[in-house]
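What the coordinates show
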Amino acid sequence: LVNGTPMITFEQTLLDATEVYESAGVTLIEIEIHGNKGVLMSYENGRGYVVWSDGEYQYRLYADDPEYRERLLPMAESVPLPQ
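Residues numbered from 1 in each chain as written. Predicted model: local features only at pLDDT ≥ 70, side-chain atom pairs only at ≥ 80, totals over all residues. Heavy atoms only, no water.

Moving on: the side chain of Arg-60. The topology assignment puts Arg-60 in strand β5 (residues 57-63). At 2.3 Å, the side chain of Arg-60 forms a polar contact with the side chain of Gln-58. (Helix = DSSP H or I, 4+ residues; strand = E, 2+ residues; numbered from the N terminus. Polar contact = N/O pair within 3.5 Å; in protein donor to acceptor, adjacent residues only side chain to side chain.)

Structural data, given as structure tokens:
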């Protein structure tokens, strides 16, 4: 939070088998987090998303502000694996 406004949001959900991502106005880069496949999405308007799965859960980090978009991948790599 910066002045009460969320800059980066994290979500964890059960895997829903969704591997189709919005593609209008977005650059998609395949990534790997802890050996698991994912995607880094960078939108023209500055938004950014990192989405990956460990086979059981899907994880998402997103930022609406381009200043914070560059922090998403390091943050994703810092998320511990489930035990």
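Ranked by internal contacts, the top residues of the largest apolar core, which has 13 residues, are Ile-31, Ile-33, Val-50, Trp-52, Leu-61, Leu-72 and Ala-76. Listing elements by their share of this core, those giving two or more residues are β2 (26-33), β4 (48-53), β5 and α2 (72-78). In terms of residue count, β5 provides more of this core than any other element does, three residues in total. Grouped together as the second largest cluster of nonpolar side chains are seven residues, Tyr-43, Tyr-49, Val-51 and Tyr-62 included. (Core = buried A, V, L, I, M, F, W, Y, C linked by side-chain atoms within 4.5 Å. Buried < 20%, exposed > 50% of the residue type's maximum accessible area, 1.4 Å probe, protein only.)

In this section: the packing of aromatic side chains. In total, this model carries five aromatic pairs according to the counting rule given. Ring geometry for Tyr-43 and Tyr-49: centres 5.7 Å apart, planes at 65 degrees, overall edge-to-face. Judged by its relative accessible area of 8%, Tyr-43 falls in the buried class. Centroid distance Trp-52 to Tyr-59: 5.2 Å. Interplanar angle 25 degrees. Geometry classified as stacked. (Phe/Tyr/Trp six-rings, centres within 6.5 Å; stacked < 30°, edge-to-face > 60°.)

Taking burial as the measure, the seven residues of β5 include six buried ones, the bulk of the element. Bridge count for strand β1 (residues 9-14) against β5 is six bridges, and the pairing is antiparallel. When the bridges of β5 are listed, Thr-9 appears paired with Tyr-62. Here β4 pairs with β5 via six bridges, running antiparallel. (Pairing = 2+ DSSP bridges.)

Tracing the chain through its elements places Glu-44 in the loop between β3 (36-43) and β4. Glu-44 gets classed as exposed once you look at its relative accessible area, which sits at 74%. Considered as a pair, Glu-44 and Pro-66 are 22 residues apart in the sequence and their alpha carbons are 9.5 Å apart.

If you walk through the whole model with that rule in mind, you get one cavity of 30 Å³ or more. Estimated volume of the largest cavity: approximately 40 Å³. Forming the boundary of the largest cavity are His-34, Asn-36, Trp-52, Asp-54, Tyr-59, Val-79, Pro-80, Leu-81 and Pro-82. Residues that form the lining of the largest cavity fall into these classes: six nonpolar, two polar and one charged. (1 Å grid on protein atoms, 1.4 Å probe; cavity = no way out; pocket = protein on both sides within 12 Å on 5 of 7 lines; lining within 4 Å. Points joined across faces, edges and corners; volume = space filled by probe spheres on them. Nonpolar A, V, L, I, M, F, W, Y, C, P; charged D, E, K, R; others polar.)

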